[in-house]
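# Residue-level structural notes
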2 protein chains.
Amino acid sequence: MLDAEEISSPQNPRIKNLVKLRNRRPRDKQGVFIAEGYRAICRALEKDVIPRDLYFSPEWFLGENEEALLKEAQARGANLFELSKIAFEKVAYRDRPEGILGVIEQWSHSLQDLPLSKPPFLLIAESIEKPGNLGTILRSADAAGVDAVVCCDPVTDLFNPNVVRSSTGVLFSMPTVMTTSQEVIEWLRQNGIASVATTPHTDTFHTDVDMTGPVAIIMGSEQFGLSEIWLDACDQKARIPMAGQADSLNVAMAALVTLFEAVRQRNAAR
Amino acid sequence: MLDAEEISSPQNPRIKNLVKLRNRRPRDKQGVFIAEGYRAICRALEKDVIPRDLYFSPEWFLGENEEALLKEAQARGANLFELSKIAFEKVAYRDRPEGILGVIEQWSHSLQDLPLSKPPFLLIAESIEKPGNLGTILRSADAAGVDAVVCCDPVTDLFNPNVVRSSTGVLFSMPTVMTTSQEVIEWLRQNGIASVATTPHTDTFHTDVDMTGPVAIIMGSEQFGLSEIWLDACDQKARIPMAGQADSLNVAMAALVTLFEAVRQRNAAR
């Protein structure tokens, strides 16, 4: 048995607030975000991110390890709330609820805080719209071993529930910054980090751009690509050779290809 | 005005059959598949794939070009059926119906039919489970310019509605084959095509494997990776260096990275 506050009514103010937290404004105002599902909460704890509040409903559990996970989270400081089946159904945003949803405090880094490797290796994403793409970019950046992911002029914020989900836990460990393009451009210059803009508007292939030094790969939005600000400010432009349909690679796929070309070059240069 | 047969009842046998076609068995039995949405049908026509039947419902249209598209399809041989709003709602499988759904005849290639470039360049996918991954693999293969995508021992078939959708039209133009692993292994040997198995069970990085000659990149399923059959039969094994979480790259992302390393090598070798 778990020692938890019980909530049975879908009209409970906490339940209503959880539904609100799907939207950015209340999320930012309260300085928290939500992460749903057994695996997401496991990943958070693995990375020492302790949910402030954990809402659960045993009738929705799919496995047998949920109780142990909740006990661990509670021992590490999480408040537990046991929900009725219908109350949980209201707060769940996934199609197949797993009976676990956490409220986690947001964090923020500034560019000045970021731990940089030698030479620095960064992924900069401008105004990405689709949460799934932002989540996939985080995964790709993690696999490639970048120092940080910087979101410029974000349209979709990093704490959007579908970014949390599609990042498969990478959000909990990857250093991230949300800021303006102007600030990032200034900071890259001050730190001597070369910016490589990925864009179809160049004849240079990504494989012909030297990415062995201090480098930031810059990706633009799905609909508009990189803004003039970045196309003007960047040190180099690069495009991926495309054999098929013009749009076969979306922004997340293009980021992945460019990141792993940088990894190849950097490993070869060592 | 379009000259079309009208169907108002959701109980109409054609409506019932369209719902059935979401499942593989009736799809294969009837030798057809469904493609939904304005863009999907545009892509099909662009690639000279003419839907046999086109079902539409103007009350769901989002834009103003639907009628022109339907007229073009009809002129090229498609049968038109105008559905009531509720009848279309029943057949739509997308969250936001666009009022257009086509029934298209399946096609099949055999390995012997495939047009091969010199040197051949193939992507082989074994038992992929998630339609979204298969669709993304098709897009990646298109961008990389492979000759064909071969699905071995398919779990999800290429004509699954979510493969059709997530391939963003690539399915209509990419040569594809569905067959057994055993047949593919035999055929690769006969044609002198080297098989490169992507697997974590090797110390060799994908960047250290020569993919400039006749080559097939082999990807395994999400849950189990490549089967013993392929791990035994392959000429080389390759893995992608991973900096972060073990599972940051899924099978579709790993395919993309490996394909574009092959593209880099092949372009450099020219």
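Residues numbered from 1 in each chain as written. Chains lettered and ligands numbered in written order. Predicted model: local features only at pLDDT ≥ 70, side-chain atom pairs only at ≥ 80, totals over all residues. Heavy atoms only, no water.

## Quick word on the domain arrangement of chain A
Residue and element names in this part refer to chain A. Note the cut-off: All the domain ranges listed were derived from an automatic or database domain assignment. Whether two residues are in contact is decided by their heavy atoms: any pair within 4.5 Å suffices. In short, buried area is how much 1.4 Å probe accessible area vanishes from two parts on joining, totalled over both. What counts as a salt bridge is simple: a side-chain nitrogen of Lys or Arg found within 4 Å of a carboxyl oxygen of Asp or Glu.
With domains assigned, chain A is organised as domain 1 (5–105) and domain 2 (111–269). Computed from C-alpha coordinates alone, the two centres of domain 1 and domain 2 are separated by 31 Å. Opposite the 15 residues of domain 1 that make contact, domain 2 presents 16 residues. For the domain 1 and domain 2 pair, buried surface summed over both sides reaches about 1200 Å², with 59% attributable to carbon and sulfur atoms. By the criterion of area lost to domain 2, the three top residues of domain 1 are R24, F33 and K47, representing 39% of everything that side buries. For the interface between domain 1 and domain 2, the tally reads 1 salt bridge. In this structure, the salt-bridge partner of R27 is D157, at a minimum N-O distance of 2.8 Å.

## Description of the interface of chain B and chain A
You'll often see interface size given as the accessible area lost when the parts meet. Put simply, the rule reads: N or O atoms within 3.5 Å of each other form a polar contact, as long as, within protein, one can give a hydrogen and the other can take it, and as long as residues adjacent in sequence are counted only when both atoms are side-chain atoms. Numbered from the N terminus, helices here are DSSP runs of H or I no shorter than four residues, and strands are runs of E no shorter than two. When residues are grouped by polarity, Ala, Val, Leu, Ile, Met, Phe, Trp, Tyr, Cys and Pro land in nonpolar, Asp, Glu, Lys and Arg in charged, and all others, Gly among them, in polar.
Contacts between the two partners involve 32 residues from chain B and, on the opposite side, 32 residues from chain A. For the chain B and chain A pair, buried surface summed over both sides reaches about 2300 Å², with 58% attributable to carbon and sulfur atoms. The three residues of chain B that bury the most area against chain A are R139(B), Q245(B) and R264(B), which together make up 23% of that side's buried surface. Where chain B packs against chain A, one counts 4 salt bridges. Its salt-bridge partner being D247(B), residue R43(A) comes within 2.6 Å of it at the nearest N-O pair. Counting the contacts that link chain B with chain A gives 22 residue pairs in polar contact (both at pLDDT 80 or more). Counting residues per element, the ones that place at least two in the side of chain B that touches chain A are α3 (38–46), α6 (131–144) and α10 (251–269) of chain B. A breakdown of the residues in the side of chain B that touches chain A according to their chemical character gives 13 nonpolar, 11 polar and 8 charged.

## Focus on the packing of helix α3 (residues 38–46) of chain A against helix α4 (residues 66–75) of chain A
For any two helices packed against each other, one specifies the inter-axial angle together with the distance between the axes. All names here are of chain A. For the record, the criterion: Axis geometry follows a simple rule: fit a line to the C-alpha atoms, using only the stretch in contact for helices, then measure angles between N-to-C directions, giving values from 0 to 180 degrees. Helix crossings fall into two classes, left-handed where the near helix is turned counterclockwise from the far one by less than a right angle and right-handed where it is turned clockwise.
Between α3 and α4, whose axes approach to 11 Å, the crossing angle comes to 35°. Remark: the crossing between α3 and α4 carries left-handed chirality. Here Y38, I41, C42 and L45 of α3 lie close against α4, whose contacting residues are E66, L69, E72 and A73. Looking at the contact of α3 with α4 residue by residue, the class counts come to 6 nonpolar, no polar and 2 charged.

## Some thoughts on the nonpolar core
Our working definition: Buried Ala, Val, Leu, Ile, Met, Phe, Trp, Tyr and Cys residues form a nonpolar core when they are joined through side-chain atoms within 4.5 Å. To sort residues, take the accessible area from a 1.4 Å probe on protein chains only and compare it with the maximum for the residue type: under 20% means buried, over 50% means exposed, and anything in between is partly exposed.
In this structure, F121(A), L123(A), F260(A), F121(B), L123(B) and F260(B) are the most contacted members of the largest nonpolar core, which totals 120 residues. Beyond its immediate sequence surroundings of up to four residues, F121(A) is in contact with A144(A), G145(A), V146(A), D147(A), A148(A), V215(A), I217(A), L259(A), A262(A), V263(A) and R266(A).

## Let's talk about the pairing of strand β2 (residues 32–36) of chain B
Among the 5 residues of β2(B), 5 are classified as buried, and the element is accordingly described as predominantly covered. Burial of the side chains of β2(B) extends over both faces: V32(B), I34(B) and E36(B) are buried on one face and F33(B) and A35(B) on the other.

## Focus: the packing of aromatic side chains
All names here are of chain B. Formally: Any pair of Phe, Tyr and Trp rings, taking the six-membered ring for Trp, is counted once the centres come within 6.5 Å. Such a pair is stacked with planes under 30 degrees apart, edge-to-face with planes over 60 apart, and tilted for the rest.
For the structure shown, the criterion picks out 12 aromatic pairs over all chains. Between F33 and F159 the ring centres are 4.7 Å apart and the planes differ by 35°, which places this aromatic pair in the tilted class. Within this pair, whereas F33 is found in strand β2, its partner F159 is found in the loop between β7 (148–152) and α7 (161–166), the two being separated by 126 residues in sequence. Both residues of the pair, F33 and F159, belong to the buried class.

## Some remarks on helix α6 (residues 131–144) of chain A
Cut-off, in case you're wondering: A helix is expected to reach a length of 1.5 Å times the quantity of its residues less one.
Compared with an ideal rise of 1.5 Å per residue, which puts 14 residues at 20 Å, α6(A) spans 20 Å between its outermost C-alpha atoms and is within 8% of the ideal. For α6(A), the tally of buried residues reaches 11 of 14 residues, placing the bulk of the element in the interior. If you check which residues of α6(A) are buried, you get N133(A), L134(A), G135(A), I137(A), L138(A), R139(A), S140(A), A141(A), D142(A), A143(A) and A144(A). In this structure, the buried residues of α6(A) make contact with β6 (121–126), β7 (148–152), α7 (161–166), β8 (176–179) and α10 (251–269) of chain A together with α10 of chain B. Looking one or two places after α6(A), you find G145(A), whose phi comes out positive at around 75°.

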